[in-house]
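Here are the chains, one letter per residue:
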Amino acid sequence: MKKNYFLHTAILLVALVCGSIPVWSQTYKKISSIEELTDGKYVIAYGEEYAMTNENAGKYFKHIAIAPVDGAINTPDESIVWDIETTANGISIKNGGIYVGYNGSKNSATAYTEFTEKKCEFVVSFDEANQVFKLQNVATDNYYLQFNANKDQERFACYKGTQKDLTLYKSGDTRTDVKVVFNGIEGNKDAFLGKTTTFNSSATATPERPITYSSSNHEVATISQEGEVTLVGIGTTIIKATTESDETYQAGEAQYTLTVRNESAELPYSTDFKSGLGDWINYTLAGTTVWKSTTYGAQANGFGQGASEVYLVSPSVKAANIILAFSSEKGYTGNDLQLFYSTDFDPSSMSQPSDASWTEITDKATWATSQETTESGNIELNNLTAPIRFAFKYTCTAEESARWTITNLSISANNSTGIEEATANEMKVINGKGQVTIETAEAMPIAIYALTGAQVRQIELVEGTNIIELPTGIYLIGNKKVVVF
């Protein structure tokens, strides 16, 4: 007995030195209740015969044979160790860079390199009588991840068949779990260039362990090994605090997304929201609706998102007299959009718009009543206490939700608040991006002036529609102020 003991010890030491086995042993034990299925590492198996690997053959995942002993698998092949995590609609199943998913093609399973909602989510149920799990794809009524035991077609995929009874073996890692938490930072964080340049982002590890800090995008922010973040530029980065694993402790990690924005907008300012929301901030106070950048502009659509209240808030504008203009579109039936401004909202110290006071100016704009693009007209605000921020407020009910789109938005300082605004005789003048459109019932000459009084252009209008290209700015055409953005 002693000889065998020393022999096995010698073999183990050689294996450790050569790196052929891990420093510690991991045991994956069969779980037998839905309560045991928490986020962690698993082997997904069909009974005690086959386990699903991360090797995908286009329409299915391959398998290998397993031989559990007393309901446990010791140090399994890494190809069959899956990370199961809770999602909004069920669970996700991931091995390395591969997510298990169902793309809608019957009798198949797809390997996704990124998590895709619905396609990569599975609802879990447990059959207590037979002690097996069933993993149903969220996007379907009757497709389950299961094992096809037919000869020459043995594989794991999503089927309607009867072999949907799976066994789950969960990691029994006995090393001490390490919890890492950022001090004073909960959830993701916004920071503003011009408002601050550095802030503390240190973390605490329990039990106490050495912490390493990192930023995924050094062009946005860097972080020192003392946890001090330095803002560098506009954009997003992932800030992480990690501890290394060893034979005693598991690895620990905490992270959050840091979004760095401009604190204020330089005037004149313009955006069509088609390539991103830029320095505008989305706040969802109720429901799950969010403002998104689309090819049509900034869009809020509450369909299927529950009763929602969501704001799109501008960067600050440092001017006492302002002209705001934009275009809107409305699809489907639902609440009207609302427009506000605030002189005291500070996103660096306030968690949501309701923490500040807001003045509604919805009735100062012309709004769309259909999907036809509608110009708001010039919204003039004078004698303000700068800086101010604008906010579009979208609301919907669970039963009725409109789709609102905002685009071609411009903000300019109004340096001529004393000039009375009037529509030019027999003319309709429309703001635009890089141009103004003038509609007239008869041909006539007109002059275009800058706000300084200098004449910019002299033009002969033709009857009908005239499109005139102009640089960004505010102009006078027949005593009507127009904004080119």
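The rules behind these values
Residues numbered from 1 in each chain as written. Predicted model: local features only at pLDDT ≥ 70, side-chain atom pairs only at ≥ 80, totals over all residues. Heavy atoms only, no water. Patch = residues over 30% accessible without salt bridge, like charges linked within 9 Å, V, L, I, M, F, W, Y side chains within 5 Å. Areas by Shrake-Rupley, 256 points an atom, 1.4 Å probe, with all protein chains shown as cover. Salt bridge = Lys/Arg side-chain N within 4 Å of Asp/Glu carboxyl O. Lys, Arg positive; Asp, Glu negative; His and termini not counted. Charge placed at Lys NZ, Arg CZ, Asp CG, Glu CD. Helix = DSSP H or I, 4+ residues; strand = E, 2+ residues; numbered from the N terminus. Buried < 20%, exposed > 50% of the residue type's maximum accessible area, 1.4 Å probe, protein only. Contact = heavy atoms within 4.5 Å. Pairing = 2+ DSSP bridges. Axes fitted to C-alpha atoms, helices over the stretch in contact; angles between N-to-C directions. Core = buried A, V, L, I, M, F, W, Y, C linked by side-chain atoms within 4.5 Å. Polar contact = N/O pair within 3.5 Å; in protein donor to acceptor, adjacent residues only side chain to side chain. Phe/Tyr/Trp six-rings, centres within 6.5 Å; stacked < 30°, edge-to-face > 60°. Lys NZ or Arg CZ within 6 Å of the ring centre and 35° of its normal.

What about a negative patch on the surface?
- A surface patch of negative charge is lined by Glu 48, Glu 49, Asp 152 and Glu 154.
- Along the chain, Glu 49 falls in the loop between strand S2 (40–46) and strand S3 (50–56).
- Note on Glu 49: relative accessible area 43%, which makes it partly exposed.

Points about the environment of Pro 471
- By secondary structure assignment, the location of Pro 471 is in the loop between strand S42 (464–469) and strand S43 (473–477).
- A sequence separation of 13 residues divides Pro 471 from Val 484, and the C-alpha atoms of the two residues are 6.8 Å apart.

So, the environment of Gly 331
- Tracing the chain through its elements places Gly 331 in strand S31 (residues 322–331).
- For Gly 331, a relative accessible area of 1% gives the class buried.
- Taking the C-alpha atoms as reference points, Gly 331 and Phe 199, 132 residues apart in sequence, are found 43 Å from one another.
- For Gly 331, the residues in contact, after removing those within four places along its chain, are Gln 371, Ala 402 and Arg 403.

Things to note about the sheet that holds strand S21 (residues 228–231)
- An order of S17-S21-S20 is seen for the three strands of this open sheet, with the pairing classed as antiparallel. Each edge of the open sheet is held by one strand with a lone partner, namely strand S17 (198–200) and strand S20 (221–223). In this sheet, adjacent strand axes meet at a mean angle of 20° when their direction is disregarded.
- Both S17 and S21 contribute to a ladder of three bridges, which runs antiparallel. Bridge pairing in S21 places Thr 198 opposite Thr 230.

Quick notes on the nonpolar core
- Ranked by size, the top nonpolar core spans 35 residues in total, and within it Trp 291, Phe 326, Trp 367, Phe 390, Phe 392, Ile 406 and Leu 409 carry the most contacts.
- Counting residues per element, the ones that place at least two in this core are strand S28 (297–301), strand S29 (308–313), S31, strand S32 (338–342), strand S35 (379–381), strand S36 (389–396) and strand S37 (403–413).

Side note on the pairing of S28
- With four of its five residues buried, S28 lies for the most part within the structure.
- As defined by bridge partners, strand S27 (residues 291–294) adjoins S28 across four bridges and the pair is classed as antiparallel. Its bridge partner being in S28, Trp 291 is matched across the sheet by Ala 300.
- If you look at the hairpin formed by S27 and S28, you'll find two residues sitting between the two strands.
- With four bridges joining them, S28 and S37 adopt antiparallel strand pairing.

Here we look at unusual backbone geometry
- Here Thr 206 and Pro 207 are connected by a cis peptide whose omega angle stands at -5°.
- On the secondary structure map, Pro 207 appears in the loop between strand S18 (203–206) and strand S19 (212–215).
- With an omega of -5°, the peptide bond running from Leu 267 to Pro 268 counts as cis.
- By secondary structure assignment, the location of Pro 268 is in the loop between strand S24 (264–265) and strand S25 (269–271).
- Although it is not a glycine, Phe 273 adopts a positive phi angle of roughly 65°.
- For Asn 383, which is not glycine, the phi dihedral falls at a positive 60°.
- Along the chain, the position of Asn 383 falls in the loop between S35 and S36.

Quick word on the side chain of Thr 395
- By the element assignment, Thr 395 lies in strand S36.
- Judged by relative accessible area, which is 18%, Thr 395 ranks as buried.
- Within the structure, the side chain of Thr 395 is placed 3.0 Å from the side chain of Asn 335, a separation counted as a polar contact.
- Residue contacts for Thr 395: discarding those within four places in its chain leaves Ser 308, Glu 309 and Asn 335.

So, the pattern of salt bridges
- Going through the model one piece at a time under the given rule, you end up with 10 salt bridges.
- Across the pair Arg 261 and Asp 190 runs a salt bridge, and its minimum N-O distance is 3.4 Å. Of the two residues, Arg 261 sits in strand S23 (residues 252–262) while Asp 190 sits in strand S16 (residues 189–193), which places them 71 residues apart along the sequence.
- Between Lys 318 and Glu 263 there is a salt bridge; the shortest N-O distance is 3.8 Å. Of this pair, Lys 318 sits in the loop between strand S30 (316–317) and S31 while Glu 263 sits in the loop between S23 and S24, and the two are 55 residues apart along the sequence.
- A single network of salt bridges, built from pairs that share partners, joins Glu 263, Lys 318 and Arg 389.

So, the sheet that holds strand S38 (residues 427–430)
- With antiparallel pairing, three strands are arranged side by side in an open sheet as S38-S39-S42. Both edges of this open sheet fall to S38 and S42, since each of them pairs with a single strand only. Averaged over all pairs of adjacent strands, the angle between their axes in this sheet comes to 20°, without regard to strand direction.
- Looking at chain direction, S38 and strand S39 (residues 435–440) are connected through four bridges and run antiparallel.

Some points on the packing of aromatic side chains
- Scanning all chains against the criterion turns up 16 aromatic pairs.
- Ring geometry for Phe 126 versus Phe 133: centroids 4.5 Å apart, planes at 50°, classification tilted.
- An aromatic cluster of three or more residues is present, and its members are Phe 273, Trp 280, Phe 326, Trp 367, Phe 392 and Trp 404.
- Against the face of Tyr 144 rests Lys 164, its NZ or CZ located 4.2 Å from the ring centre.

Some thoughts on the side chain of Arg 155
- Mapping Arg 155 onto the fold places it in strand S13 (residues 155–159).
- Buried Arg 155, no salt bridge; nearest opposite-charge side chain is Glu 154, N-O distance 9.0 Å.
- Not counting residues within four places of it along the chain, the set of residues in contact with Arg 155 comprises Tyr 60, Phe 61, His 63, Gln 146, Phe 147 and Asn 148.

So yeah, pure geometry; function would need other evidence.
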